[in-house]
Amino acid sequence: NAGVTQTPKFRVLKTGQSMTLLCAQDMNHEYMYWYRQDPGMGLRLIHYSVGEGTTAKGEVPDGYNVSRLKKQNFLLGLESAAPSQTSVYFCASSYGSGGTYNEQFFGPGTRLTVL
Amino acid sequence: AQSVSQHNHHVILSEAASLELGCNYSYGGTVNLFWYVQYPGQHLQLLLKYFSGDPLVKGIKGFEAEFIKSKFSFNLRKPSVQWSDTAEYFCAVIPTGGGNKLTFGTGTQLKVEL
């Protein structure tokens with residue numbers, strides 16, 4: 001099992017450009033999440049999905065959109081990148097919610113720089 | 001909503017010293033607790049987790065943590081650190097009922113000197 005994978009690993013964008021980050025998991029997890037990690041702030045939840053075709057906003061959703069067309073994939077889109085979106089982005093997945101299903105498995109991260 | 005506090009932002013230790021990193025959470029109900037480690041340039045790895053039962057949890061690489069419900073704490077410990085333990089450590093909490101709200105602390109940067 002590859003677990004949770006993310007594409008790309010690194011990306012540099014100019015302000016106003018758009019891009020999509022891809023997250024894939026092969027553990028048949030129902031729930032998937034996108035976080036951003038910034039120095040001194042830990043990880044903050046951007047958006048999440050509780051199943052194929054569903055998405056919901058997290059703590060810091062502004063400037064991002066997501067889609068979950070297939071159970072194994074969770075896409076994070078930036079329509080018009082801003083320097084404030086320079087960050088490391090982590091995807092995670094879990095079986096579900098509650099008890100041991102709460103454990104989330106993380107991908108390797110995507111380092112995004114917006115100039 | 002729950003919150004997590006990691007009071008030690010930067011810790012510097014010599015090899016073989018003992019380690020204790022503080023983690024306190026704020027939430028009115030029962031919780032699951034996690035410690036993650038992030039080595040330089042790498043992704044998050046799970047060190048240990050608490051769901052229920054014995055409040056003393058043992059994880060990988062000699063780490064352990066004790067859940068003290070009365071103190072809302074889940075401190076991470078290791079009796080003797082190694083240079084390879086240099087990393088950033090994150091405590092995280094989620095209500096037992098789930099709700100998709102895994103909340104992270106701001107992290108503790110540990111540097112172990114030879």
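1. Details of the environment of Gln38 of chain B
So, step 1. The residue Gln38 of chain B is located in strand β5 (residues 31–38) in this model.
So, step 2. Measuring from C-alpha to C-alpha, the distance between Gln38 of chain B and Tyr89 of chain B comes to 6.3 Å, with 51 residues separating the pair along the chain.
So, step 3. Discounting residues that sit within four places of it in the chain, Gln38 of chain B has contacts with Gln37 and Phe90 of chain A together with His43, Leu44, Ala87, Glu88 and Phe90 of chain B.
So, step 4. Side chain to side chain, Gln38 of chain B and Gln37 of chain A meet in a polar contact 2.8 Å long.

2. Points about the interface of chain A and chain B
So, step 1. Each side of the interface is counted separately: chain A has 23 residues, and chain B has 23 residues.
So, step 2. Summing both sides of the interface, chain A and chain B together bury roughly 1700 Å²; the carbon and sulfur share of this comes to 55%.
So, step 3. Joining chain A to chain B, the criterion identifies one salt bridge.
So, step 4. Residue Glu103 of chain A is joined to Lys49 of chain B by a salt bridge in which the shortest nitrogen-to-oxygen separation is 2.7 Å.
So, step 5. Summed over the shared surface of chain A and chain B, the number is six residue pairs in polar contact (both at pLDDT 80 or more).
So, step 6. Among the residues forming the side of chain A that touches chain B, the class breakdown is 11 nonpolar, 10 polar and two charged.

3. Here's the deal with the confidence of the model for chain A
So, step 1. Overall, the predicted model of chain A reaches an average pLDDT of 94, with 100% of residues at or above 70.
So, step 2. For chain A, the element scoring lowest by mean pLDDT is strand β10 (residues 105–106) of chain A, at 92; strand β8 (residues 73–78) of chain A scores highest, at 98.

4. Details of the layout of surface pockets
So, step 1. Taken as a whole, the largest pocket encloses approximately 590 Å³ of empty space.
So, step 2. Forming the walls of the largest pocket are 27 residues, and the residues nearest its centre are Gln37, Val88 and Arg111 of chain A together with Gln38 and Glu88 of chain B.
So, step 3. For the lining of the largest pocket, the elements supplying multiple residues, two or more each, are β4 (31–38), β9 (87–94) and β11 (110–114) of chain A together with β10 (87–95) of chain B.
So, step 4. Here the lining of the largest pocket takes three residues from β10 of chain B, the largest share from any one element.
So, step 5. Residue composition of the lining of the largest pocket, by class: nine nonpolar, 14 polar and four charged.
So, step 6. Within this model, the second largest pocket holds a volume of roughly 170 Å³.
So, step 7. Every residue lining the second largest pocket is listed: Met41, Leu43, Arg44, Leu45, Gly58 and Glu59 of chain A together with Val4, Lys101, Leu102, Thr103, Phe104 and Thr106 of chain B.
So, step 8. Within the residue set of the lining of the second largest pocket, elements represented by two or more residues are β5 (42–49) of chain A together with β11 (103–104) of chain B.
So, step 9. A per-element tally of the lining of the second largest pocket places β5 of chain A first, with three residues.

About the criteria used
- Residues numbered from 1 in each chain as written.
- Chains lettered and ligands numbered in written order.
- Predicted model: local features only at pLDDT ≥ 70, side-chain atom pairs only at ≥ 80, totals over all residues.
- Heavy atoms only, no water.
- Helix = DSSP H or I, 4+ residues; strand = E, 2+ residues; numbered from the N terminus.
- Contact = heavy atoms within 4.5 Å.
- Polar contact = N/O pair within 3.5 Å; in protein donor to acceptor, adjacent residues only side chain to side chain.
- Buried area = accessible area lost by both parts, 1.4 Å probe.
- Salt bridge = Lys/Arg side-chain N within 4 Å of Asp/Glu carboxyl O.
- Nonpolar A, V, L, I, M, F, W, Y, C, P; charged D, E, K, R; others polar.
- pLDDT = per-residue confidence, 0-100.
- 1 Å grid on protein atoms, 1.4 Å probe; cavity = no way out; pocket = protein on both sides within 12 Å on 5 of 7 lines; lining within 4 Å.
- Points joined across faces, edges and corners; volume = space filled by probe spheres on them.

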